[in-house]
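Take a look at the letters that make up each chain.
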Number of protein chains: 2
Amino acid sequence: MNMIDAGQPASQEAKETALVVFTPSGRRGRFAMGTPLLQAARSLGVDVDSVCGGRSICGRCQVEIGSGQFAKHGIESRAGHASEAGMAELRYAEKRGLKPGRRLSCQTLIQGDLVVDVPAESQVHKQVVRKDAEHRIIEVDPAVKLYYVEVREPDMHDPSGDLRRLEEALAEQWGITGLDCDLRVVQRLQKALRGPGASGGGEGAWTCTVAVREQRVKRLLAVWPGFRDKIYGLAYDIGSTTIACHLCDIETGEVVASGGAMNPQIRFGEDLMSRVSYIMMNPGGDKALTEAVRGALNDLAAHVTAQAGLEVEDVLEVTLVGNPIMHHLVLGIDPIELGGAPFALATDQAINIWATEIDLRIHPNARVYVLPCIAGHVGADTAAVILSEEPHKSDDLRLIVDVGTNAEIVLGNRHRLLACSSPTGPAFEGAQISSGQRAAPGAIERVRVDRVTLEPRFRVIGSDLWSDDDGFAEAVRRTGVTGICGSGIIEVLAEMFLAGIITQDGVIDGAMAARSERVVPDGRTFSYVLYKDAERELRVTQNDIRAIQLAKAALYAGVRLLMDKLGVDQVDRITLAGAFGSHIDVKYAMVLGLIPDCDLTKVVAGGNAAGTGARIALVNRSARAEIEQIVRRVEKIETAVEPMFQQHFVEAMALPHKTAAFPNLAAVVDLPAPKVSDGGDGEGGRRRRRRG
Amino acid sequence: MNMIDAGQPASQEAKETALVVFTPSGRRGRFAMGTPLLQAARSLGVDVDSVCGGRSICGRCQVEIGSGQFAKHGIESRAGHASEAGMAELRYAEKRGLKPGRRLSCQTLIQGDLVVDVPAESQVHKQVVRKDAEHRIIEVDPAVKLYYVEVREPDMHDPSGDLRRLEEALAEQWGITGLDCDLRVVQRLQKALRGPGASGGGEGAWTCTVAVREQRVKRLLAVWPGFRDKIYGLAYDIGSTTIACHLCDIETGEVVASGGAMNPQIRFGEDLMSRVSYIMMNPGGDKALTEAVRGALNDLAAHVTAQAGLEVEDVLEVTLVGNPIMHHLVLGIDPIELGGAPFALATDQAINIWATEIDLRIHPNARVYVLPCIAGHVGADTAAVILSEEPHKSDDLRLIVDVGTNAEIVLGNRHRLLACSSPTGPAFEGAQISSGQRAAPGAIERVRVDRVTLEPRFRVIGSDLWSDDDGFAEAVRRTGVTGICGSGIIEVLAEMFLAGIITQDGVIDGAMAARSERVVPDGRTFSYVLYKDAERELRVTQNDIRAIQLAKAALYAGVRLLMDKLGVDQVDRITLAGAFGSHIDVKYAMVLGLIPDCDLTKVVAGGNAAGTGARIALVNRSARAEIEQIVRRVEKIETAVEPMFQQHFVEAMALPHKTAAFPNLAAVVDLPAPKVSDGGDGEGGRRRRRRG
């Protein structure tokens, strides 16, 4: 190693090379004096970004020059060991700003030994911290990248097409070869290359920025005149009830805008099977549902791009996830085969298509990547959940539940992975609940019931005060107390159960009417009055409880089926995902027996895991290959034909469960002693007997 | 080698294998008794076709069993050495017919030594004899092929998409793997596999025929229920004036229907440059021209498929050729860059796109292959001419001229290949000629002028009689004598020149009026009355001669420029291609000096070489790779900027030429002694002098 005297800049005459160490990679090498830092980094395989190819335009290649003695590297690095900023760099700093200490590595020449730090944002394969619950790190490695090139002008004596000269430039300036090219790029190429002034060419003539997509083949997707340094993508999660959409900067992975909308297919049926029925009864109905969902995707694209001050044409890449029926409908595939056994998908494989093939009005050459499905009832949304939660990398046995109109259930670890879907129905989303409503200001979201007086207190969305706090009435004056949202329903039922108002088999105990005016007769059953004012009364009815029992029993039975298949009686960690799953208090979910017993500190809300999976696939190409591999390994369980499902379902109707023990839960919550109603299986049973 | 006694069928007990020789390949091998002949052929790499995969459906695998002693192969082959036709084969013979001696090789089992002939039509890489002038052989090796498969039904306990099971079937039954798939195939897949009865499935359920296209990647293009054994393609030659279209059976290479139409862009301008001017003057005008030509392609597709009793959806593959401006316009590329130096093409490379990208209404997944261009004025039509005529495989120095509104000129041999285009204008196509008309019944196509009396005789299209034959008047009563077509104009001018009516510099010699009443004053010049009846008079005017002189001088100058570049003074062979070029008498073309002197037996009409090139590319995948390679080797000459072009042009105005000798021509034709008009350069010159 060539050591240098402290404080003495390397003399160009005395020695012809200098030692440069790049951090954090630690890669090092000797370089001739005068070598640009970007070139040095590239030759060592150090990950430094650049769109403009070293022309001092994009500012992506920024680095920081270390100053001082670096014993670890055996180097003394000084700002003076690098060339001073020249005109081009000063112009960049003036125009676009450059933080103190930052240099453009393409403009900075090596003049002595250096320790050079490449900050995260200057790396191509940068990592972005996810903003939601888990702060998971997403690596960025997009399928589409931008390249700025200078293209040779045409010469009559050496005729060659503009495309050929553009390809030559990409090969020479970026080492990119073997490109296919979209016809629409060729159609726009001549104007793009000749700049705004067309024949003559103003500023930026014979320079352009191209977008290259690499997925199986390399393809030129777009061309713009001059320099451009941003491309965007959309990640859609198409649920039966709601559609979520994230607009991301494809090269940084950052979410720049988000939006959500109701799925307009709801007018054809609330749940999946009613939509499939609609299609069976109405020839051509599949076309109407396809048009409806594609319209919603376009509306969302327009909305989120406007929100970010962009045009829809700025979107070059899209990822889609959804359950199998949403998947088929958005792709224009008739889903009726999914309506009955053997539930055969048209395809379970990942799909790469043009956005125009599904009528998306974004950049005309934009591409769509649809994540793979797993089975007839286990869709691309579940694949996205797996991609986001990564149970296949876990040593712990993980249970992941994405609760919606259907529950997607994944159980496993690095050795085995099982999945199924269970038809919970829309109760968890507030439908079928007498006082249910969407999670919006005014909705009750937290509930406590006094174990002695049976009096409730609660909080509504939009205020931090409890209903028995001073100033509560004032705080909710504007919104009112309008209904109970999904998490509120779980809490009120769980608290009613813990307070002894509801029996283990889910019956409101009429005997409690003697202890509290809140328990009131309601036809042949009883209800619990959670809230009452001049305008409205919010009750929890026996029917409400039945709806939640049916939903939670379906969910638990699905979980139990996977545990049976794996031969286990408990799981190490539980993640509740989905809009509903991530807002409920996991303790109450366990009290009601939505999920099996588990150490509560290991039960977390996973946020919109499907949407996050779609985002990961949007910004990371290798994640696509990864999930395509993993889904093939997933063992699919079809709940509809498993003989044990029905028995698990019946046993799971009880609170928290008829037979399963909940020792972890019992350690932190006073579970009431089993108390069953005289009717045995509640109101429904009584009715049947009377009628029979 | 294992010889068998004459006349004794091999005994299955005595010996376990038999020797089989396939002709014409001569491949041979020993096979276990009972091996199907198709399987034996495949294992030896013998080219035997099959769409149904050995299921006795398609009949493509027919062979003939040799009978007798084959000394050359050392075998005695007998019909009895093959199994008798079973039920499946008899059913095929009854339903679709089987020529005497033919067997289905998939159904025929080896029971002794055999000589088996594979007829041409049973080969995948069959060769088709071209029906036009040269009877060139076209090898068939299409990009798209059909495969019949039986697909496993879905099983709920092993869920997999229909596409995955189809791909498994293709891998198992045909060895085809690594397929991409069009979304539209997925959309149609479930119905196709389940047969017409959908859920339940009638006959043909879980069998289907797929079309696989192999061009860079392998892709599933189409799926049909049950068995299908025909796919079709369209080869288009888009000229400035006319569009030609051939509908071909892709797997046999046969033309099943042909059609032609005027290019509707003519309403925007007769020649290319006037259309480019239209676009320059009318913003958005390129869109109108693009729509017009695409409309014509769709009309032709509908016309030729109807003619063959097919649907447009039966067309899965299209090839397109055309000059650079037609090429750009049909692809939706603004051609204005081709209107001025440096004449830069948007792309010179071959293009693979979907038919929908250029609005073709054929099979929705059909693909289009556009042949590469060569330079700004030398287009995909020239590439097609090269592909058809193959000068790059010739030892002789070949000159190929495709005459239209522009002349495409190719000169070279296996060592070098040069090309240019020369703006001949529309005179050769009958425009700008006072009595010119399209080649249609009633048009004069052959002319002789008596050297002494100067009286003409002629023939018209629709009759074999000469005008001085008995019964001529009767023969042309229905059509009349209506005008002069392209070949007629060449003949009448050449004959007038040979008779001394026209001087070497193209002036009608007024002195000849004294010898014949046919030579009449016409304003300041003279005309020749070729035909006269009560209704009309067909004259050859001085302006007509000028128009042809300008066109032929441009053509000859282009040829001469290429000869200069190659450093040669004569060529070995000349091919006149294009609709006009293939109808003229090559002798008269040489008399007028359209082409340089050459042994007349080596001058041939090449038919529509561009259209033939498009057909070759349609049915032969490797021809595409071949032409893409060759065009890169072609040396492009831009006539517009070659200083010598003008001088060559001026010298080529004379008949046959001012300076070049025509020894080969002189040997067979009595060329008149040079006689120039007193005006030196004719009427135009006189006028200029008077005005000057």
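All of these numbers come straight from a predicted model, not from anything done at the bench.

Chemist: Where do I start with the overall build of chain A in this structure?
Modeler: Helices and strands together make up the secondary structure of chain A, namely 18 helices and 31 strands. Overall size of chain A, expressed as C-alpha extent along the three principal axes, is 100 × 65 × 55 Å. Of all intrachain contacts in chain A linking residues separated by at least 6 positions in sequence, the fraction that spans at least 24 positions is 67%.

Chemist: Even after reading the chapter, I still don't get the nonpolar core, so can you show me in this structure?
Modeler: As a rule of thumb, nonpolar side chains are buried together in soluble globular proteins. With 357 residues, the main nonpolar core has Ala383(A), Val401(A), Leu493(A), Ala383(B), Val401(B) and Leu493(B) as its most contacted residues. Not counting residues within four places of it along the chain, the set of residues in contact with Ala383(B) comprises Val321(B), Leu371(B), Pro372(B), Cys373(B), Ile374(B), Gly613(B), Ile627(B) and Val631(B).

Chemist: Quick question: what am I supposed to make of helix α8 (residues 380-389) of chain A here?
Modeler: One turn of an α-helix holds 3.6 residues; hence residues three or four places apart share an orientation. Residues and elements named next belong to chain A. Counted residue by residue, α8 has ten buried out of ten residues, so it is predominantly covered. Of the positions making up α8, those classed as buried are Ala380, Asp381, Thr382, Ala383, Ala384, Val385, Ile386, Leu387, Ser388 and Glu389. Backbone geometry just after α8 places Glu390 at a positive phi near 55 degrees.

Chemist: What is the right way to read the interface of chain B and chain A from this model?
Modeler: Reports of interface size often rely on the accessible area that becomes lost once the parts have come together. Tallying the contact residues gives 37 residues for chain B and 37 residues for chain A. If one sorts the elements of the side of chain B that touches chain A by residue count, helix α4 (residues 183-194) of chain B sits on top with five residues. Broken down by class, the residue content of the side of chain B that touches chain A amounts to 20 nonpolar, eight polar and nine charged.

Chemist: Would you mind going over the packing of helix α11 (residues 542-566) of chain B against helix α16 (residues 643-651) of chain B with me for this structure?
Modeler: Between two packed helices, both the angle of their axes relative to each other and the distance between the axes serve to describe the pair. All names here are of chain B. Where α11 contacts α16, the two axes come as close as 8 Å, and the packing angle between them is 130 degrees. Here α16 runs oblique to α11, going by the angle between their axes. Considering the relative orientation of α11 and α16, their crossing is right-handed. Contacts between α11 and α16 involve Ala553, Ala554, Ala557, Arg560, Leu561 and Asp564 from the former and Met644, Phe645, His648 and Phe649 from the latter. A class-by-class count of the residues in the contact of α11 with α16 yields seven nonpolar, one polar and two charged.

Chemist: Sorry, what's going on with the relation of the copies chain B and chain A here?
Modeler: Its rotation angle being 180 degrees, the transformation that places chain B on chain A also includes 0.0 Å of axial translation and leaves an RMSD of 0.1 Å. In the structure described here, the two chain copies are related by an operation that fits a two-fold rotation axis. When C-alpha distances to the rotation axis are compared across chain B, the minimum falls at Val217(B), with a value of 4.5 Å. Here 100% of the contact residues of chain B are again contact residues in chain A; the copies associate through an equivalent surface.

Chemist: Just checking my understanding: could you explain the environment of Gly488(A) for this structure?
Modeler: Residues and elements named next belong to chain A. Tracing the sequence through the fold places Gly488 in helix α10 (residues 486-498). The class for Gly488 is buried, based on 29 C-beta atoms found within 10 Å. With sequence-adjacent residues up to four places away left out, Gly488 is seen in contact with Ala443, Ile444, Glu445, Arg446 and Val447.

Chemist: What should I look at first to understand the packing of helix α3 (residues 162-174) of chain A against helix α4 (residues 183-194) of chain A in this one?
Modeler: Residue and element names in this part refer to chain A. Their axes nearest at 10 Å, the elements α3 and α4 cross at an angle of 75 degrees. The pairing of α3 with α4 is recorded here as roughly perpendicular in orientation. Residues Asp162, Leu163 and Leu166 of α3 pack against Val186, Leu189, Gln190 and Leu193 of α4. Classifying every residue of the contact of α3 with α4 by side-chain character gives five nonpolar, one polar and one charged.

Chemist: I would appreciate a short explanation of the pairing of strand β10 (residues 144-150) of chain A in the present structure.
Modeler: Residue and element names in this part refer to chain A. Within β10, five of the seven residues are buried, leaving the element largely enclosed by the surrounding structure. Across seven bridges, the pairing between β10 and strand β12 (residues 207-215) is antiparallel. Bridging from a neighbouring strand, Lys145 pairs with Val212 of β12.

Chemist: I tried to follow the sheet that holds strand β26 (residues 519-522) of chain B on my own but got confused; where do I start?
Modeler: Strand pairs in the sheet, formed through backbone hydrogen bonds, run parallel or antiparallel to each other. Residues and elements named next belong to chain B. Across the sheet, three strands lie side by side as β26-β27-β28; this open sheet has antiparallel pairing. Every interior strand has two partners, whereas the edge strands, β26 and β28 (537-540), have only one. Strand-to-strand, the axes of this sheet are offset by a mean angle of 45 degrees, without reference to chain direction. With four bridges joining them, strand β27 (residues 525-532) and β28 adopt antiparallel strand pairing. Residue Tyr528 lies in a different strand from β28, and its bridge partner there is Val540.

Chemist: Could you clarify how one ought to interpret the sheet that holds strand β25 (residues 483-484) of chain A in this entry?
Modeler: All names here are of chain A. An order of β24-β23-β25 is seen for the three strands of this open sheet, with the pairing classed as mixed. What marks the edges here is a single partner per strand, and that holds for β24 (456-460) and β25. In this structure, strand β23 (residues 443-449) lies alongside β24, joined through five bridges in antiparallel fashion. Bridge pairing in β24 links Ile444 to Val460. Sitting on the sheet, α10 is in contact with β23 and β25, with an inclination near 15 degrees to β23.

Chemist: Which parts of the structure should I look at to understand the environment of His583(B)?
Modeler: Residue and element names in this part refer to chain B. Summarising the element assignment, His583 is placed in the loop between α12 (578-581) and α13 (586-591). The class of His583 is partly exposed, set by 18 C-beta atoms lying within 10 Å. Residues His583 and Gly486, 97 residues apart in the sequence, show an inter-C-alpha distance of 8.3 Å. Non-local contacts of His583, meaning those with residues more than four positions away in its chain, are made with Ala439, Gly486 and Ser487.

Chemist: Help me understand unusual backbone geometry in this model?
Modeler: It is generally the case that most residues other than glycine have a negative phi and that most peptide bonds are trans. Here Leu655(A) and Pro656(A) are connected by a cis peptide whose omega angle stands at -20 degrees. Within the secondary structure, Pro656(A) is located in the loop between α16 (643-651) and α17 (663-668).

Chemist: Could you clarify how one ought to interpret the pairing of β23(A) in this entry?
Modeler: One face of the sheet, then the other: side chains in a regular strand alternate in exactly this way. Residues and elements named next belong to chain A. For β23, the tally of buried residues reaches five of seven residues, placing the bulk of the element in the interior. Here β23 runs beside β25; their pairing, made up of two bridges, is parallel. Residue pairing for β25: Ile444 is matched across the bridge by Ile484.

Chemist: Mind showing me how you'd approach the environment of Val604(A) here?
Modeler: On the secondary structure map, Val604(A) appears in strand β30 (residues 603-607). Taking the C-alpha atoms as reference points, Val604(A) and Asp249(A), separated by 355 residues in sequence, lie 28 Å from one another.

Chemist: Please clarify how the confidence of the model for chain A should be interpreted in this entry.
Modeler: Reading predicted coordinates in detail is not appropriate for stretches of low pLDDT. Residues and elements named next belong to chain A. Within chain A, residue pLDDT values average 89, and 92% of them lie at 70 or more. Confidence drops under pLDDT 50 across residues 198-203; counting only partners more than four residues distant or on other chains, this segment forms nine contacts. Interface confidence for the predicted complex, given as ipTM, is 0.80, next to a pTM of 0.83.

Chemist: It is not clear to me how α16(B) should be interpreted in this structure. Could you clarify?
Modeler: All names here are of chain B. Phe645, His648 and Phe649 are the residues of α16 that are buried. Down the axis, α16 shows its buried residues gathered within 100 degrees of arc, on one side only. Every exposed residue of α16 that faces more than 90 degrees away from the buried side is listed here: Pro643, Gln646 and Gln647.

Here is what the cut-offs are and how they apply
- Throughout, residues of each chain are indexed from 1 in the direction in which the sequence is written.
- Each chain is given a letter, starting from A, and each ligand a number, starting from 1, according to the order in which they appear as written.
- Residue-level local features of this predicted model are given only where pLDDT is at least 70; pairs of side-chain atoms are given and counted only at 80 or more, and the full residue set underlies all totals for whole chains, interfaces and linings.
- For helices the rule is a DSSP run of H or I covering at least 4 residues; for strands it is a run of E covering at least 2, with both sets numbered from the N terminus onward.
- By definition, residues are in contact whenever their C-beta atoms, placed on the basis of the backbone, come within 7 Å of each other.
- For our purposes the nonpolar core covers buried Ala, Val, Leu, Ile, Met, Phe, Trp, Tyr and Cys residues that link as a set through C-beta atoms within 7 Å.
- To assign burial, the other C-beta atoms lying within 10 Å of each residue's own C-beta are counted, with C-beta atoms placed from the backbone; 20 or more indicates buried, 12 or fewer indicates exposed, and intermediate counts indicate partly exposed.
- In this count, Pro and Cys sit with the nonpolar residues alongside Ala, Val, Leu, Ile, Met, Phe, Trp and Tyr, while Asp, Glu, Lys and Arg are called charged and the others, Gly among them, polar.
- Each axis is a line fitted through C-alpha atoms, taken for helices only over the stretch in contact, and angles between the N-to-C directions span 0 to 180 degrees.
- Throughout, the term roughly parallel applies to angles under 35 degrees, roughly antiparallel to angles over 145, roughly perpendicular to angles from 65 to 115, and oblique to all others.
- It is the rotation of the near helix from the far one that decides the hand of a crossing: anticlockwise by less than a right angle makes it left-handed, clockwise makes it right-handed.
- Copy-to-copy alignment: least squares on C-alpha atoms, limited to residues at pLDDT 70 or above in both.
- Strand pairing follows a simple DSSP-based rule, namely that at least 2 bridges must link the two strands.
- Summary of the metric used: pLDDT quantifies the predictor's per-residue confidence within the range 0 to 100.
- Relevant arc is that of directions from the helix axis to the C-beta atoms, nothing else.

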